[in-house]
Every structure is written in structure tokens, then in C-alpha cells.
Amino acid sequence: MRIGITCYPTYGGSGIVATELGLELALRGHQVHFISYANPIRLDPETPGIFYHEVEVSTYPLFQYPPYSLALASRMAEVAERHSLDLLHVHYAIPHSISALLAQQMTTSRRLPFITTLHGTDITLVGADRSYFPITKFSIERSDGVTTISEYMRRRTVDFFGVENPIEVIPNFVNCSLYRPDPEAQSKGPKRILHISNFRPVKRVLDCIHAFAKVRRHVDAELIMAGDGPDRGPAEGLAHQLGVASHVRFLGKQDHMERLIPRMHALHLPSEMEAFGLAALEAMACGVPPVATLTGGVPDLITHEKDGFMEPVADIDAQAARLTSLLTDPAFHASISAAARKTAETRFCTDLIIPRYEAYYQQVCGAEGTFSRSAVSI
Ligand code: GMT
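Residues numbered from 1 in each chain as written. Predicted model: local features only at pLDDT ≥ 70, side-chain atom pairs only at ≥ 80, totals over all residues. Heavy atoms only, no water.

Novice: For this particular structure, what's the right way to read the environment of Leu323?
Specialist: Residue position: Leu323 is located in helix 13 (residues 316-328). Along the backbone, Leu323 and Ala266 are 57 residues apart, and their C-alpha atoms lie at a distance of 6.9 Å. With near-sequence residues (within four places) excluded, Leu323 lies in contact with Ile193, Ala211, Val215, Ala266, His268 and Val291. (Helix = DSSP H or I, 4+ residues; strand = E, 2+ residues; numbered from the N terminus. Contact = heavy atoms within 4.5 Å.)

Here is the structure:
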């Protein structure tokens, strides 16, 4: 098939999922066209089957806010016509879904179906905002297909927006060959706790520092903070205030998480809300047990006390206790680590999940009557 994918190209779970999906689809013989304002991180545009089309947003003195959504719609329609796309698949509802709807209307040669994948904050924060609620609801209702990444997200979308169109749950996935344990790297140096996020308030990064200060009372550990965002400064300040700054490393944005994660001994994900928790899945695939919060779609991924832990949001003591036991009891660590890897392999590997997207594309295109067998390149 010929698929147009649009996502936020910078750091963030939805862009990562969209990029990995595109790469996997290309490997399976599909033609994938990324349409965005920047080349998505993790995307090598030289990959066979992958094409990248930049959206240029011209400014004009009248435009206090340059209309990216309109420039995106124009580019989507142009790419769809020029490359005979079978469908558009947009990640994160606002504004991508509305741009896709416009592109569909601008495509006159045939009907161009579009699928929207809801990732989390597009529903729980942006979509819940008064100014975006109506357009988010409209974008879901007008999509030819809607997927989301956890059963929690499906329920929440239906309950909150009252939409009646079916929403397909296709969970996040991980490449289990790329993300894999590295016991030798783990055996070197001190015990290491990892946090990965975009350091937004919803991630509660300060809880990582508070919990780490408690862990250090029992074990000579390091905290590795990967990513960047508004709460990085406050987290650095808190590390100094609590006297642990020399044991905390802020790495900033990282491109190769598959190289970093296997060296760690635990992942701390204390988020207020997680629609799924892709970082936890990537850690589990590397045999790194996650200590997360009992929130949103996390229970779709983690089985508490078997392949990871879920403690209440803001319960620093409980989270620190779990991290401490993982770092101080090697046998316990080994059993959770093995179970975490097994969960990733048996439930969330690319080989299991990508065919579900392919089947859904066929279903949506079939329903539209636009999808022709001759367009299939596999
Ligand atoms: O919060 C992030 O990490 C970014 C955000 C996004 O929309 O880019 O991530 C959401 O999508 C990820 C991929 O599907 C999910 O794994 C995250 O749980 C979800 N984040 C939240 O719900 C806060």
C-alpha cells in the first residue's frame, strides 16, 4: 500500500510510535510517505520505501499565528495526488486529523480515507481543553478509522466525547531484536535507575529525584535522566537541594535509547497519567523492570509484582521501596527482569502488532472501496 503518515516529529511517544510504524511498514514492502514540518527523530529518510515531505509554513505580517494546519493539509493533498496514496494515517488528533479531513476534501480524483490514532494527551489534556473539545470530537467522528493504544484510552474517549464510531485498540509495540537485554553492560559500575520523558508536568519528574534521594539511603545508586523539557531545571535544582546532584546525570535528548536502556537496572516512570507508557515497554524489552504509577493504560502493559510495579501516583515512599528492592536483591531483580522481557516478546513485539495495523488499513480502505489489490506492493 501507499501510506501517508503525519506525526509530531520531535521527541514524544506519539512521534516515536508513528516513525517506528512507518519503518516497519516499509520493511514489509509498503511505500510510506512522512508528511511533517521536520524529519521525525529516529527516521532515516534514506531507508528504502520511506519518503519524507516537508511542510513549509510561510509567514506573513498579518499572521500572528502561522497556519500550520492549513499548510499541512495542502501538502497532504499534494502528496496524496502525486504519489497516489491509498490512505493517510495521522498520529495525535490535533491538528493532524483536521488537516487530513481537509486534504480528503481537496483530493478530487478519488476518496482518500484517513485514520487517526489517539495517543494520550491529545484526548486527556488538549482534547479536554474547552477551546479544543469540539474540534477534537469532530475530528474523531469524521475519521474513516480511529485507533488508540490502550483499552483505557478507548473507554475514556468514548465516555468523554460521547463518540459512537468504533475505536480499534492497537497497543504500542517494540522491536524486540533491537531492544534486548545486555547482562554484561548491566554488570559494570554502580546500580542505575533510568527516567525517560519529555519532562512535562504530567511526567512528575520531581518525584524521580525525591524517590532517588530515599533509594540512596540504602544503595549507592545513580539516576540517569534522559530527555528534556520544562521540568528539567526544577529537577536539577531539587537534586542540589536534596544533596544528590553528584549522583544524577541529565543527558538531554537521546537518539539511541536501545543503547542506553540495557545498561540500566530499573526504570522509574512516576507519571500523573500515561495512556500506555512506551518508555516502560522499551525498558521491559531490555529486561529492565519498570516502577511506574497505577494510572491510565499502564495496567494494559504491566502486571504488578510480576513483570514490573505500579504504585499510586505521588506515593514516593512506595516507589522508592520498589526501586530499592530491585537494586538490592539480585534474585528478585532477575525474576522480574526475565518476566518483563517475556511480556514484551509475547505480547508487544512488532511482529505481533504491525500486522494488526495492516489488517486495519485493509479494512478501512476496503470499506471506502478505494483500495485496489494492484496498489499492494507486497
Ligand atoms: O507524553 C509523552 O511521552 C508524549 C505523548 C505523545 O503524545 O507524544 O505520549 C503519549 O503517547 C505514547 C505513545 O503512544 C504513550 O506511550 C504515552 O503513554 C502517551 N503519554 C501520555 O499519555 C502522557
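Novice: Help me understand the sheet that holds strand 9 (residues 221-226) in this model?
Specialist: Overall, parallel pairing links the six strands, which are arranged 10-9-8-11-12-13 in an open sheet. Two strands close off the open sheet at either side, each with one partner strand: strand 10 (248-252) and strand 13 (309-311). The average angle at which neighbouring strand axes cross in this sheet is 25°, direction not considered. Across three bridges, strand 12 (residues 290-293) lies against strand 13 in parallel orientation. (Pairing = 2+ DSSP bridges. Axes fitted to C-alpha atoms, helices over the stretch in contact; angles between N-to-C directions.)

Novice: How should I be thinking about the state of the cysteines in this particular structure?
Specialist: The term disulfide refers to a covalent linkage connecting the sulfur atoms of a pair of cysteines. Under the definition given, this model contains one disulfide. With a sulfur-sulfur separation of 2.1 Å, Cys176 is cross-linked through a disulfide to Cys349. One end of the pair, Cys176, is in the loop between strand 7 (168-169) and helix 7 (183-187); the other, Cys349, is in the loop between helix 14 (330-347) and helix 15 (350-368), and 173 residues separate them in sequence. Residue Cys176 is classed as buried on the basis of its relative accessible area, which comes to 8%. The thiol of Cys208 is unpaired, and the distance to the nearest cysteine sulfur, on Cys286, comes to 18 Å. Here Cys208 falls in the buried class, since its relative accessible area comes to 1%. (Disulfide = S-S within 2.5 Å. Buried < 20%, exposed > 50% of the residue type's maximum accessible area, 1.4 Å probe, protein only.)

Novice: Help me understand the sheet that holds strand 3 (residues 50-54), please; the structure alone is not making it clear to me.
Specialist: Two modes of strand pairing occur in sheets, parallel and antiparallel, and in both the strands are linked by backbone hydrogen bonds. What the seven strands build is an open sheet, ordered 3-2-1-4-5-6-7; its pairing is parallel. Of all strands in the sheet, those with a lone pairing partner are strand 3 and strand 7, marking the two edges. Strand contacts of helix 2 (residues 68-82): strand 1 (2-6), strand 2 (31-36), strand 3 and strand 4 (87-91), with the helix running at about 155° to strand 2, the strand carrying the most contacts. Contacts from helix 3 (residues 96-106) reach strand 1, strand 4 and strand 5 (114-118) within the one sheet, and its direction differs from that of strand 4 by about 165°.

Novice: Sorry if this is basic, but what is going on with the environment of Leu242 here?
Specialist: One can find Leu242 in the loop between helix 9 (232-241) and strand 10. The spacing of Leu242 and His210 is 32 residues in sequence and 7.9 Å in space, taken between C-alpha atoms. Each residue touching Leu242, except ones within four places of it in the same chain, is listed here: Ile209, His210 and Ala213.

Novice: How do you make sense of the packing of helix 3 against helix 5 (residues 133-142) when you look at a structure like this?
Specialist: Helices that pack against each other are described as a pair by the angle of their axes relative to one another and the distance between those axes. Their axes nearest at 9 Å, the elements helix 3 and helix 5 cross at an angle of 50°. Classified by the angle their axes make, helix 3 and helix 5 are oblique. For the pair helix 3 and helix 5, the sense of crossing is left-handed. The segment helix 3 lies against helix 5, with Ser97, Ile98 and Leu101 engaging Ile135, Phe138, Ser139 and Arg142. (Parallel < 35°, antiparallel > 145°, perpendicular 65-115°, else oblique. Left-handed = near helix turned anticlockwise from the far one by under 90°.)

Novice: When you look at the nonpolar core in this model, what are you seeing that I'm missing?
Specialist: Nonpolar side chains in soluble globular proteins tend to end up buried together. Counting 74 residues, the largest nonpolar core has Leu194, Ile261 and Tyr361 as its most contacted members. When residues of this core are assigned to domains, at least three map to each of domain 1 (2-173 + 350-365) and domain 2 (183-347). Ignoring any residue separated from it by four or fewer positions in sequence, one finds Leu194 in contact with Ile224, Ala226, Leu260, Ile261, Met264, Ala266, Leu267 and His268. By size, the runner-up hydrophobic cluster in this structure holds 28 residues, among which are Ala211, Phe212, Ile316 and Leu326. (Core = buried A, V, L, I, M, F, W, Y, C linked by side-chain atoms within 4.5 Å. Domains from an automatic or database assignment.)

Novice: Which parts of the structure should I look at to understand the site of the ligand?
Specialist: With respect to spatial proximity, 19 residues lie near the ligand, and among them Ser14, His119, Arg200, Glu274 and Ala275 are the closest. One nitrogen or oxygen atom from the main chain of Gly13 is found 3.2 Å from an oxygen atom belonging to the ligand. Residue Gly277 places a main-chain N or O atom 3.0 Å away from an oxygen atom belonging to the ligand. Burial of the ligand by the surrounding chains reaches 94%, relative to a free accessible area of 490 Å². Counting residues per element, the shell around the ligand draws most heavily on helix 1 (residues 13-27), which supplies three residues. When its residues are assigned to classes, the shell around the ligand shows seven nonpolar, nine polar and three charged. (Near = heavy atom within 4 Å. Polar contact = N/O pair within 3.5 Å; in protein donor to acceptor, adjacent residues only side chain to side chain. Areas by Shrake-Rupley, 256 points an atom, 1.4 Å probe, with all protein chains shown as cover. Nonpolar A, V, L, I, M, F, W, Y, C, P; charged D, E, K, R; others polar.)

Novice: Just checking my understanding: could you explain the confidence of the model for the chain for this structure?
Specialist: For the chain, the average pLDDT comes to 94, and 97% of its residues sit at 70 or higher. pLDDT under 50 marks residues 369-378. Its contacts with residues more than four places away, or in other chains, come to 22 contacts. (pLDDT = per-residue confidence, 0-100.)

Novice: Which parts of the structure should I look at to understand the environment of Asp86?
Specialist: With respect to the secondary-structure elements, Asp86 resides in the loop between helix 2 and strand 4. Exposure remark for Asp86: the relative accessible area of 7% places this residue in the buried category. Taking C-alpha positions, Asp86 is 9.8 Å from Arg110, a pair spaced 24 residues apart along the chain.

Novice: When you look at helix 2 in this model, what are you seeing that I'm missing?
Specialist: Within an α-helix, residues lying three or four positions from one another point in the same direction, as the helix has 3.6 residues per turn. Taking 1.5 Å per residue as the helical rise, helix 2 with its 15 residues ought to reach 21 Å, and the 21 Å between its terminal C-alpha atoms agrees with that figure. Listed as buried for helix 2 are Tyr68, Ala71, Leu72, Ala73, Met76, Ala77, Val79 and Ala80. The first or second residue beyond helix 2 is Ser84, which carries a positive phi of 50°. (Expected span 1.5 Å × (residues − 1).)

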